[in-house]
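An overview of the molecular structure
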Amino acid sequence: RAKQRGRNRIAVFSRSMQDKAQLTIHFENQFRRSLRNGDFFLVFQPQYALTPQPELIGFETLVRWNHPERGIVSPAEFVPMAETTGLILHLDRYVLREACRIWGEMRASLPACRALHFSVNLSASHMDRPTFIRKLEKTLAAFEMPHESIILELTESALMSNPETAARKMQYLRSIGLHVALDDFGTGYSSLAYLTRFPCYCLKIDKSFVDNITTDENSVRVVRAIIHLAHGLGMVALAEGVETPEQLAQLQDMGCDQVQGYLLGKPMPQAALRDVIARNC
Ligand code: C2E
Ligand code: MG
Ligand code: MG
Ligand code: MG
């Protein structure tokens, strides 16, 4: 009887393994189909310099999936699975091309755009690909995108899995005038020693710290330390997820260079960009 139960248990286990495999296959098929059909689209969240009043400097590109069965799905839901299946590489390439296309259009018809940058998020897995930089340069050249107009957002984990290679690639990116921002800074396993060898333009202070700066003394200390660290290494500090005027005032007070968040602007569709740029530039 026990044996039977054991066998059932194994059966249940392998059934769920099979379900999981099937789910993954279903996800992959749908994801590929959606890439072909143009179901992914971009939204843009404004980024501001604190001078000390907020001044529009650019936009972060964020992807959305208009899923044929589930409607709009946020990247928090599908990026993890896209990472494990490797499909994130295809998605990021699509996002980069699409962002270049849209900004090319905007710059042609709205000269004020030329002073603005746009950033794109790149998965950590690009760093391990030998063709990453070549493909990136090729895309930027194909769209005649000036390198100073784009910022690559990478997370710390992108750099830490193979810090030697990452440092070399980061140096090359800098040498061709491309800026890198370290996203979600403070939440990964960054080694401060390596930080000195990654030529970054910006540290993005994670929202989880910003959330608490008006209530928690320790969060204030951490944010202040990150800002000092950035400045000490010749980088700028950008605080993400700013939602209240109190947080903004506090960040201005601390000497934070840049901010983004719902308080100043939510991610918006391409159609809304023109208005925001016209109003701010
Ligand atoms: P992230 O790059 O750290 O982006 C910030 C996330 O916080 C975005 O969520 C943004 O919409 C949200 N956010 C911004 N301001 C506020 C605020 O004031 N309050 C709150 N509650 N949220 C705010 P989103 O668009 O869902 O993206 C989630 C993550 O997915 C991004 O985190 C990024 O890591 C990843 N992601 C987005 N687009 C891409 C992409 O094209 N490629 C890759 N590889 N990853 C992407
Ligand atoms: Mg980002
Ligand atoms: Mg971030
Ligand atoms: Mg974040």
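- Taking an unreviewed UniProt entry as the reference, the chain is identified by name as Diguanylate cyclase/phosphodiesterase belonging to Oleidesulfovibrio alaskensis.

Points about empty space enclosed by the protein
- A complete count under the given rule lists two cavities of 30 Å³ or more for this structure.
- By volume, the largest cavity is sized at about 40 Å³.
- Mapped by element, the contributors of at least two residues to the lining of the largest cavity are strand E4 (117–121), strand E5 (150–155) and strand E7 (202–205).
- Its residues assigned to classes, the lining of the largest cavity comprises five nonpolar, four polar and two charged.
- Taken as a whole, the second largest cavity encloses approximately 30 Å³ of empty space.
- Around the second largest cavity, the lining residues are Glu156, Leu159, Met160, Leu182, Ser190, Ser191, Leu195 and Phe198.

Overview of the coordination of the magnesium ion (ligand 4)
- Every protein donor of the magnesium ion (ligand 4) is accounted for by Asp184 (OD) and Glu240 (OE), and the metal-donor separations fall at 2.2 to 2.5 Å.
- The metal-metal distance between the magnesium ion (ligand 4) and the magnesium ion (ligand 3) is 3.0 Å, with Asp184 coordinating both. Of this pair, Asp184 sits in strand E6 (residues 179–185) while Glu240 sits in the loop between strand E8 (236–239) and helix H10 (245–254), and the two are 56 residues apart along the sequence.

With respect to the site of ligand 1
- Ligand 1 sits among 23 residues. The nearest are Arg64, Asp92, Asp183, Glu243 and Tyr262.
- In the model, a nitrogen atom of ligand 1 is placed 3.2 Å from a nitrogen or oxygen of the Val63 main chain.
- Relative to its free-state accessible area of 810 Å², ligand 1 is covered by the protein chains to the extent of 83%.
- Broken down by secondary-structure element, the contributors of at least two residues to the shell around ligand 1 are strand E2 (54–67), helix H3 (88–109) and E6.
- When residues in the shell around ligand 1 are grouped by element, the largest group, four residues, is from E2.
- Split by residue class, the shell around ligand 1 holds eight nonpolar, six polar and nine charged.

Rules behind the numbers
Residues numbered from 1 in each chain as written. Chains lettered and ligands numbered in written order. Predicted model: local features only at pLDDT ≥ 70, side-chain atom pairs only at ≥ 80, totals over all residues. Heavy atoms only, no water. 1 Å grid on protein atoms, 1.4 Å probe; cavity = no way out; pocket = protein on both sides within 12 Å on 5 of 7 lines; lining within 4 Å. Points joined across faces, edges and corners; volume = space filled by probe spheres on them. Helix = DSSP H or I, 4+ residues; strand = E, 2+ residues; numbered from the N terminus. Nonpolar A, V, L, I, M, F, W, Y, C, P; charged D, E, K, R; others polar. Donors = N, O, S within 2.8 Å, 3.2 Å for Na, K, Ca; no water. Near = heavy atom within 4 Å. Polar contact = N/O pair within 3.5 Å; in protein donor to acceptor, adjacent residues only side chain to side chain. Areas by Shrake-Rupley, 256 points an atom, 1.4 Å probe, with all protein chains shown as cover.

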